[in-house]
Structures are given as C-alpha cells and as structure tokens.
Amino acid sequence: PVEGIALRNHDITDEGVATLCKLLGDAKSTLASLELPGNAIGCKGCEHLAGALASNKTLKRLDLSWNPVGMRGGFRLAEMLVSNVALEVLRLGNVDFTTDTLIALLSLLRTNEGIVEFDCSNPRLFSRQEDTTKHIARVLELNRTLRTLNLAKCLVGDDGAAVLAEALVGNPSLRSLKLACNQIGANGAEAFARLLASGGCRTLVELELSNNAVGDDGAIAFADAIAAQPGGARQLGLRLNG
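Predicted model, so just to flag it, every value in this text is computed and none were measured.

Undergrad: Outline the side chain of Asn212, listing residues and values.
TA: Position of Asn212 among the secondary structure elements: in the loop between strand 8 (206-208) and helix 8 (215-228). On the basis of relative accessibility, which here comes to 11%, the residue Asn212 falls in the buried class. Of note is the side chain of Asn212, whose polar atom sits 3.2 Å from the backbone nitrogen of Asn182. A distance of 3.2 Å separates a polar side-chain atom of Asn212 from the backbone nitrogen of Gln183. Setting aside chain neighbours within four positions, we find Asn212 in contact with Leu179, Ala180, Cys181, Asn182, Gln183, Ile184, Leu240 and Asn241.

Right, here's the structure in full:
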C-alpha cells in the first residue's frame, strides 16, 4: 500500500488536487504523507483538501509550501484543523498568507493536540508592531505538543524575540525554533541567551538565527549561556550575523 506521495514542482493545480482528494476520501487509503510544494494550488484546491481532510484519519504530513494558497485558502485550512485529529506536520511556507489568515491558524494551534511541526515562513506581513509575533507567543504559552516551529522571514525583531523567549519559559515540548532571515539584533539574542542560561525551556535543543543581526554582543551572550548550561542547546545557527 502507498503511504506517501511526493510531487514537488509540477503543475498539478486545483484540478489535480481534486483528484488526489478522492484518494484521501477512500476509507481504505493508507496515505500518511502528501507533499505538493510548488504546484500552483490556490483557494479552490484548499477547499478540496479541507473537505477531504476534515474526517480523514490517516494523513499525518501535508506540505503545501510555495503555492498561491492566499487568504481564503488559509481560512479553509484553518477550518479543517477544527475537526481533523490526525495531521501532525503542516508546512505552509511561502503561500501568500496575510496577517489575518496566519492569526486564524495560530488561534487554533493554541489548544491543538495533534500538530507537532508547523512551518509558516515568509507570510505577507506589513505591520512593524509584531502583532503576529505576540500571537505566536501565546501559542507557545498554551500549546503542549508542538516540537518544531519555523518562523523564517516573519519580521521578528528584538522586541518580538524577547516576547518569544519569555513565552518559552516552562514550555514542555518545543525542540526546534527557526528564526532565520528576521530582524533580531543583540538585544533579542541576549533574551534567548538568558532563556538558555536559566534552563527555562528544557526541551529546546535547536535555535536557528541565521541571517539576522546578532553581532559580537549577541554571540558573547550565547557563549556565556552555553557555558552555563552545558548539554542544553545542541544546535545554534548564527551564520551571516555580522
């Protein structure tokens, strides 16, 4: 039996997704992984997927990265998460999400007990007030199952980094936080360093901060933190940080 389908960078479109959804709706299907990045899938395709996955109990991994899902498609996927209990990995990077769409998904993740990996990198955010970052922090305070969170290119700055670090204190599950290509400087790095030094989030073993502005002061803060808690963080990404 087929357990995974990977069709990256083809031209499946919404019509092709409708056909794949017939497989997802089959009671005898054993499909656990569906990877469809870069396939010109839009709102209509998401409607098909949402309908098929609302009651599906086998699919655990869905990758829709690099598709023009947009706002309406994102809302349909959020509605699907209300009833779906099987999905564990949801990758939605570079899908033209707006702030409202992302907040709708994050609101559901606060109490979701199924998703262990969520990728929402590079949404279409325009606010510099870090409203989205605050919603993400709320997820980290309340969620008890999320292990990997990718927030690359989400306009996270020093203030947002401090909010995230504070939210992670006592978090019982997150292992990997990816914040590449944001606007985090020395102050934000120092906030994460204090978190690591205090052992406030004992599960966090990977922190990816490539392509930020951590600089010397941030690097020194991390060095001191790792020395204070040897055996804590195992992977720290600081490429292209001055």
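Okay, back to it.
Undergrad: Go over the sheet that holds strand 6 (residues 148-150), please, and point to the residues and values.
TA: A sheet is described by the order of its strands in space; here 9 strands give the open sequence 1-2-3-4-5-6-7-8-9, paired in parallel fashion. This sheet does not close on itself; its edge strands, each paired only once, are strand 1 (4-6) and strand 9 (235-237). Across the sheet, the mean angle separating the axes of adjacent strands is 5 degrees when strand polarity is ignored. Where strand 3 (residues 61-63) lies against strand 4 (residues 89-91), 3 bridges are found, and the strand directions are parallel. Its bridge partner being in strand 4, Leu62 is matched across the sheet by Leu90.

Undergrad: Mind laying out the nonpolar core, listing which residues take part and the relevant values?
TA: Side chains of nonpolar character tend, in soluble globular proteins, to be buried together. Within the largest apolar cluster, 68 residues are counted, with the highest numbers of intra-cluster contacts made by Phe118, Leu177, Leu179 and Phe192. Those elements giving two or more residues to this core turn out to be helix 1 (13-24), helix 2 (43-53), helix 3 (70-83), helix 4 (99-109), helix 5 (131-142), helix 6 (158-168), helix 7 (186-198) and helix 8. The element contributing the most residues to this core is helix 7, with 6 residues. Apart from residues no more than four positions distant in its own chain, Leu179 is found in contact with Leu151, Val156, Leu164, Ile184, Phe192, Leu207, Glu208, Leu209, Ser210 and Asn212.

Undergrad: Any chance you could break down the layout of surface pockets for me, citing the residues and the numbers?
TA: The calculated volume of the largest pocket comes to roughly 180 Å³. Along its surface, the largest pocket is lined by 14 residues, and Leu196, Gly199, Gln229, Gly232 and Ala233 are the ones closest to its centre. For the lining of the largest pocket, the secondary structure elements donating two or more residues are helix 7 and helix 8. Taken together, the residues that form the lining of the largest pocket break down as 8 nonpolar, 4 polar and 2 charged.

Undergrad: Which residues make up the packing of helix 1 against helix 2, and what values go with them?
TA: Where helix 1 contacts helix 2, the axes come no closer than 8 Å and their chain directions differ by 5 degrees. The orientation of helix 1 with respect to helix 2, classified from their angle, is roughly parallel. Here helix 1 contributes Asp14, Val17, Ala18, Cys21 and Leu24 to the contact with helix 2, which in turn contributes Lys44, Gly45, His48, Leu49, Ala52 and Leu53. Considered class by class, the residues forming the contact of helix 1 with helix 2 number 7 nonpolar, 2 polar and 2 charged.

Undergrad: So what's going on with the pattern of salt bridges? Residues and values would help.
TA: With the rule as written, the count across this model stands at 10 salt bridges. Its salt-bridge partner being Glu117, residue Arg91 comes within 2.8 Å of it at the nearest N-O pair. Of this pair, Arg91 sits in strand 4 while Glu117 sits in strand 5 (residues 117-119), and the two are 26 residues apart along the sequence. Each of Arg8, Glu35, Arg61 and Asp63 takes part in a single network of salt bridges with overlapping partners.

The rules behind the values
- Residues numbered from 1 in each chain as written.
- Predicted model: local features only at pLDDT ≥ 70, side-chain atom pairs only at ≥ 80, totals over all residues.
- Heavy atoms only, no water.
- Helix = DSSP H or I, 4+ residues; strand = E, 2+ residues; numbered from the N terminus.
- Buried < 20%, exposed > 50% of the residue type's maximum accessible area, 1.4 Å probe, protein only.
- Polar contact = N/O pair within 3.5 Å; in protein donor to acceptor, adjacent residues only side chain to side chain.
- Contact = heavy atoms within 4.5 Å.
- Pairing = 2+ DSSP bridges.
- Axes fitted to C-alpha atoms, helices over the stretch in contact; angles between N-to-C directions.
- Core = buried A, V, L, I, M, F, W, Y, C linked by side-chain atoms within 4.5 Å.
- 1 Å grid on protein atoms, 1.4 Å probe; cavity = no way out; pocket = protein on both sides within 12 Å on 5 of 7 lines; lining within 4 Å.
- Points joined across faces, edges and corners; volume = space filled by probe spheres on them.
- Nonpolar A, V, L, I, M, F, W, Y, C, P; charged D, E, K, R; others polar.
- Parallel < 35°, antiparallel > 145°, perpendicular 65-115°, else oblique.
- Salt bridge = Lys/Arg side-chain N within 4 Å of Asp/Glu carboxyl O.

None of the figures reported here should be taken as evidence of function without further support.
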